[in-house]
Structures are given as C-alpha cells and as structure tokens.
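# Descriptive structure summary
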Amino acid sequence: MSHSAELLPMIAHPSGPLSGTAQVPGDKSISHRALILGALSVGETHITGLLEGQDVLDTAKAMQAFGAQVERLGIGEWKVNGVGVGGFAEPEGVIDCGNSGTGVRLIMGAMATTPITATFTGDASLSRRPMGRVTDPLQLFGCEVTSREGKRLPVTIKGATDAVPVRYQTPVASAQIKSAVLLAGLNAPGETVVIETEPTRDHTERMLAGFGATITTQITDQGRVITLQGRPELKPQPVAVPRDPSSAAFPVAAALIVPGSDIRVPGVSRNPTRDGLYITLLEMGADITFDNERDEGGEPVADLIVRHGPLKGVTTPHDRAASMIDEFPILSVIACFATGPTVMQGVKELRVKESDRIAAMVDGLRANGASVEDTEDTMTVHGTGSLPGGGMAVTHLDHRIAMSFLVAGLAAQQPVRVDDGGPIATSFPDFLPLMRDLGARID
Ligand code: S3P
C-alpha cells in the first residue's frame, strides 16, 4: 500500500532529559525475510517480534498473493503456511510494495525462477529507484523482464521455466542484490554463487541455513563467496525477530544529544554486519554500555544503556559504510552536536535510497543552521556542539529523514519542523509514543 498523498507535518521542540526504556520494533530486514522464507517453506512458520510497519505488511500481502497463507495471531506474532520452493502461484493482481526497496527486490528474486508472471509497483519514492541492479542478474537465470524507462517500476517478470544457476559478483555493496540472487537460486538446479567484495548484512544467509538450505560463505581474495545448493526443501522454523538496530539508532541518538539523558534500549541486534553506527559512536566518545550480551534466534543481541555526554567528530571509512548504510542520516544529526568535523566516506549508495539521503540531509541541516558539505560519495558535517534549529526539513517520502530531523529538534536551540512525518509508519509505527514516553516533545 502506498503512503497517502496527504502530508503530515510534525514539529520537535527542545526537550528536557530523556529517560526510561525504549522498546524499539522488530528488525525490518529480518521481518521481510521471515515472511518470504516462511512462504517458500512447506508447512507452518511461526514468527514473533515481527515489525508491523507498512513495508513489512506489504510483503505479507504479497506473500498471500503468491499463494501462501499469512495470518496475524497477536502483536508481532504471525504464522505463515508456505507453498514450498517453486510453489508460488501466479498473483491475480499487481504486487504493490509501497515504499519498500527491500520488499520489492527480494520478492522479485523469490519469484524469478518460477514459471509465473507478476507485475510490481510502488509509491512515488520506490518508482524512482533503480531496479536494474536486481533485474539484470535475475535475467541470467532465464526470466524475462519488462520495465519502465531507466529500469524503474512498474516491472513485470515472466519467471524462468527452466532456470539455470548463476555465478554473480555484485557490482555495489548491496544485501538486496545478494539476497534477490540467492532467493532466485533456490529454484534453480545446482549451485548459485554470489560474490561480494564488501560484506553486507547477512540475514538471508543466516536464515536460509536455519530453514535447512545448504549455504556456505568462504572468505577469499575476491571477497565473500556465498554458495547455495538449489532446490532445497525449506523446513519451517520458529523465527524470533530481534529489535532493529537501525530503529534503535533514533532514541539512542536522542539520548546522546539531549543533555542529562539516560535511557535503556533492550534486545537490540548486534549482528556485526549491522554494527557500524555503534562502532562509530564509541569512537566519538559516546557513553554507551552493551549489557546482557546474548544470542537470540541466531542473532547476537544486547541491551543498550545510553547516556548524554560530550562527543567528538570522526571519520567513518569507506569499508564501514555498508554496515551502517541506513544510519548516516541520524549520524549526520549527531555529528552537529559533536565538536569538529565528521567525515562520512563511501556513502554514494545513500543517493538511491528512499530519497537521495545526502541531498535531503544537507538541505535540511543547512536550513537548521548547520555547516555541511557533500561530494558524490562523501558527506561532511562541521560539528560545533550545538544546532540552531528553527528550520524546516523536507522528508521526500523517506522515514529515516523524517525521524532524523525530529530527533535533531529535541536538542536544537529552536524547534525543527518536518513537512511530512507520515512515512515513519513504514518502519517505526510507534516512533511518536515511544519518543514521547522518554520525554520527547514532538507534535
Ligand atoms: C536492506 C539492505 C540495504 C538497506 C535496506 C535494507 C536489506 O539496502 O539500505 O534498508 O534488508 O537487505 P541495499 O542492499 O540496497 O544497500
């Protein structure tokens, strides 16, 4: 479902110390994958902690359209009765993935090697984003693809009848490309191999192994070589979705920049392929303790204890970018409250996210009095320890831009406005009540 056309303006006011516990929602990447792998298994997959944001709800609806039974049992508790690898039915209608790049790209992969035809659409943001990065490798399996100019949505895929396995080196660090190829490889005979020169989030590999696929990752001179044996029978698994480190980043950032704050964020994934922001914050001198480190559902998790304190600017190296790709908008806010420059290297992928996130942050931060520069592949914030605020940021249908500026407003000298907070529901539907419970003043 696409976000409604009506804008939902929001304003964040300078707030007193934040305190309490922030129960952030389930991980978005893992939630999409749990529904898709559940749909590709034979039998019933039970999921707890599922993120009930619009992006994931759209994937749930898509899995129903391909023939799986998907049912909500309670808050975050879902069951999926799958149709098995190669068992997808042809959907009657168009598959609308709303705002979700992960949803559309992974689902395209999951159906590309089954002899059915499906057409995919999305909202204005998703319709601007490049799909060729996924449909090009999917065509190597033997499917046929038609798309709008520039390989954009709507895209129609006629799945391969006699799929052949593929060996593919991803041209950019992208877990979505890797995952789409692996999911397509499920219904191809023999070995499908994905090679990535820079590691990206590995939830697909972990979950495929958990569902009984034979999948290996070798670290070689070429990079990570991931090999999947095709045509497995996937066996349903209980999936306990850990809390999303990318969503946790917003209350964490708020606590770091609002003087006197002290909050706890329990059960957050510390998967090393997602940990770049937290490594960076420690380098900046942030007061974060990782308490009660444990393993939950195959993912390392910890309770975060976060306190306000002085921060200094740092450089995030190119090879860390993939492990914090969704966190650069909020890091650029935190960087305003640090002293000295924060230089973010290797970030050009941000230009093809839900919005051009470099342009959106540069414009919005400048409108609020920050000193920021960018090149095609870098963003630099000259931190002064404070932010004047008083400006408006344009969200461009991007949830993370909206949340980043609302967090900025809590610690700025003047309130910060966003033109549209509606997209926040795609990934963090309870953002407002959660932040208000901590003491944030957001209207
Ligand atoms: C995701 C991968 C990342 C990330 C997105 C979620 C995933 O995109 O930005 O929010 O779940 O695989 P890319 O793979 O395009 O970098």
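Conventions adopted
- Residues numbered from 1 in each chain as written.
- Predicted model: local features only at pLDDT ≥ 70, side-chain atom pairs only at ≥ 80, totals over all residues.
- Heavy atoms only, no water.
- Phe/Tyr/Trp six-rings, centres within 6.5 Å; stacked < 30°, edge-to-face > 60°.
- Helix = DSSP H or I, 4+ residues; strand = E, 2+ residues; numbered from the N terminus.
- Buried < 20%, exposed > 50% of the residue type's maximum accessible area, 1.4 Å probe, protein only.
- Lys NZ or Arg CZ within 6 Å of the ring centre and 35° of its normal.
- Contact = heavy atoms within 4.5 Å.
- UniProt positions renumbered as here; feature names shortened; annotations may be inferred.
- Polar contact = N/O pair within 3.5 Å; in protein donor to acceptor, adjacent residues only side chain to side chain.
- Near = heavy atom within 4 Å.
- Areas by Shrake-Rupley, 256 points an atom, 1.4 Å probe, with all protein chains shown as cover.
- 1 Å grid on protein atoms, 1.4 Å probe; cavity = no way out; pocket = protein on both sides within 12 Å on 5 of 7 lines; lining within 4 Å.
- Sits in = over half its atoms within 2 Å of the grid points.
- Domains from an automatic or database assignment.

## Here's the deal with the packing of aromatic side chains
- Counted by the stated rule, this structure contains 4 aromatic pairs.
- Summarising the aromatic geometry, the rings of Tyr 278 and Phe 290 are spaced 6.5 Å apart at their centres and angled 80° between planes, so their arrangement reads as edge-to-face. With Tyr 278 in helix H9 (residues 276-283) and Phe 290 in strand S16 (residues 287-296), the pair connects residues that are 12 residues apart, well separated along the chain.
- The class for Tyr 278 is buried, based on a relative accessible area of 2%.
- Arranged with centres 5.4 Å apart and planes meeting at 70°, the rings of Phe 428 and Phe 431 form a pair that is edge-to-face.
- The structure contains a cluster of three or more aromatic residues connected by ring pairs, namely Phe 250, Phe 428 and Phe 431.
- Above the ring of Phe 290, the side-chain terminus of Arg 270 is found at 3.6 Å from the ring centroid.

## Side note on helix H5 (residues 132-139)
- Of all the 8 residues making up H5, 6 are buried; the element is thus mostly covered by neighbouring parts of the structure.
- Those residues of H5 not exposed but buried are Gly 132, Arg 133, Val 134, Thr 135, Pro 137 and Leu 138.
- On its buried side, H5 packs onto helix H3 (101-111), strand S8 (144-148), strand S9 (152-158), strand S10 (167-169) and helix H6 (175-185).

## Thoughts on the UniProt feature "active site" (unreviewed entry) in the protein
- The UniProt entry lists Asp 326 under the feature "active site" (unreviewed entry), expressed in the numbering used here.
- Relative to the assigned elements, Asp 326 resides in the loop between strand S18 (315-316) and helix H10 (328-336).
- A distance of 3.5 Å separates a polar atom in the side chain of Asp 326 from a polar atom in the side chain of Arg 201.

## Description of the site of the ligand
- Inspection of the region around the ligand gives Ser 29, Arg 33, Thr 102, Ala 173, Ser 174, Ala 175, Gln 176, Arg 201, Ile 325, Asp 326 and Lys 353 as its neighbouring residues.
- Between an oxygen atom of the ligand and a side-chain N or O atom of Asp 326, the distance comes to 2.7 Å.
- Summarising the interface, the protein chains cover 95% of the accessible area of the ligand, which totals 380 Å² for the free molecule.
- In this structure the site holding the ligand corresponds to the largest pocket.
- Every element with two or more residues in the shell around the ligand is listed here: helix H1 (28-39) and H6.
- Structurally, the shell around the ligand is a two-domain feature, drawing no fewer than three residues from each of domain 1 (10-25 + 243-442) and domain 2 (28-227).

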